[in-house]
Amino acid sequence: HAYAPRSPAEAIARGVAYVPPDRASESSFAALPVRQNLSAVNVARYFKGLRLRHDREAADAANSINRFMIRTASDQQPLSTLSGGNQQKVAIARLLHHDADLFLLDEPTRGIDVGSKAQIYALIDRLALGDAELEVEAAVDHHAAGPEQGVPEHPGAGRRVEEAELVHEPLGVQ
């Protein structure tokens, strides 16, 4: 049977990481700082007993900001004040804060500038080098913004994937 998680928490527990196409309403906490957006998927990682280890959360945020080239004045800057490309980098970086077997990126470059698209594709390429499965869904209108006009196309974009390859096999579901 098909794997149909009952909640995002269940999908995360089963090793599925997902970035939806509408990050503003579906995958971010716009009013919260960058640091809290980065740690949102795995808040438990930062607790020792009943105390939140802000030092560990801050160190992980600094590492992600550097690694993913997120342009922000500080990790305390509200996510809503970042550019769309930097918000998307935060969403992708957040995925790496938990061990996932399957990364699903739906329209990862929707609504961001050409320079950020190139950076996002470079980050996706880094994700693809890991042990997890990676699926990128992207609709590219080559007539409106093709590679000849500077919009990079990810090599996996548009590739048809069978349900068994995408969901069943990585999760061990028959």
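If you're wondering where the values come from, they're calculated on a predicted model, not measured in any experiment.

Here we come to the confidence of the model for the protein chain. The predicted model of the protein chain has a mean per-residue pLDDT of 76, with 72% of residues at 70 or higher. In this model residues 140-174 is a low-confidence stretch, pLDDT under 50, and it forms 53 contacts with partners more than four residues away in sequence or in other chains.

Attention now goes to the nonpolar core. The biggest cluster of nonpolar side chains holds 24 residues, and the ones touching the most others in it are Leu38 and Val90. When contributions to this core are tallied by element, the ones reaching two or more residues are β1 (16-19), α3 (34-39), α4 (54-67), α5 (84-95), β4 (102-106) and α6 (114-128). In terms of nonpolar packing, the next biggest core, distinct from the first, is built from five residues, Tyr3, Ala11, Leu102 and Leu104 among them.

Right, let's talk about the pattern of salt bridges for a bit. What the rule picks out here adds up to five salt bridges. A salt bridge links Asp75 to Arg35, with the nearest nitrogen and oxygen atoms 2.8 Å apart. Residue Asp75 is found in the loop between α4 and α5, and its partner Arg35 is found in helix α3; the two are separated by 40 residues along the sequence. Just as Asp75 is buried, Arg35 falls in that class too. Here Arg45 ties to Asp60 by a salt bridge, and the two come within 2.9 Å at their closest N and O atoms. Within this pair, whereas Arg45 is found in the loop between α3 and β2 (47-48), its partner Asp60 is found in helix α4, the two being separated by 15 residues in sequence. Accessibility expressed as a relative area gives 33% for Arg45, which makes it partly exposed. For Asp60, a relative accessible area of 16% corresponds to the buried category. Each member of the salt-bridge network shares a partner with another, and the members are Arg35, Glu57 and Asp75.

Right, let's get into the environment of Ala31. Relative to the assigned elements, Ala31 resides in the loop between α2 (23-26) and α3. Residue Ala31 is classed as exposed on the basis of its relative accessible area, which comes to 71%. For the pair formed by Ala31 and Ser80, sequence separation is 49 residues and the distance between their alpha carbons is 6.2 Å.

Let's shift gears to the environment of Arg14. Within the fold, Arg14 resides in the loop between α1 (8-13) and β1. On the accessibility criterion, Arg14 (34% relative accessible area) is partly exposed.

Moving on, we come to α4. With 14 residues, α4 should reach 20 Å at 1.5 Å per residue; the first-to-last C-alpha distance of 20 Å fits that figure. Here α4 has its buried residues at Glu57, Asp60, Ala61, Ser64 and Ile65. Looking straight down α4, one finds that the buried residues subtend no more than 135° of arc, so they occupy a single side. For α4, exposure combined with an orientation more than 90 degrees from the buried face picks out Asp55 and Asn66. Residues of α4 that are buried make contact with α3, β3 (51-52) and α5.

Attention now moves to unusual backbone geometry. Only a minority of non-glycine residues have a phi that is not negative, and only a minority of peptide bonds are not trans. Notably, Met69 is not glycine yet its phi reads approximately 55°, a positive angle. Within the element layout of this structure, Met69 appears in the loop between α4 and α5. Despite not being glycine, Glu107 shows a phi value in the positive range, around 55°. For Glu107, the position within the fold is in the loop between β4 and α6. We classify Glu107 as buried; its relative accessible area is 14%.

Parameters and conventions
Residues numbered from 1 in each chain as written. Predicted model: local features only at pLDDT ≥ 70, side-chain atom pairs only at ≥ 80, totals over all residues. Heavy atoms only, no water. pLDDT = per-residue confidence, 0-100. Contact = heavy atoms within 4.5 Å. Core = buried A, V, L, I, M, F, W, Y, C linked by side-chain atoms within 4.5 Å. Buried < 20%, exposed > 50% of the residue type's maximum accessible area, 1.4 Å probe, protein only. Helix = DSSP H or I, 4+ residues; strand = E, 2+ residues; numbered from the N terminus. Salt bridge = Lys/Arg side-chain N within 4 Å of Asp/Glu carboxyl O. Expected span 1.5 Å × (residues − 1). Arc of directions from axis to C-beta.

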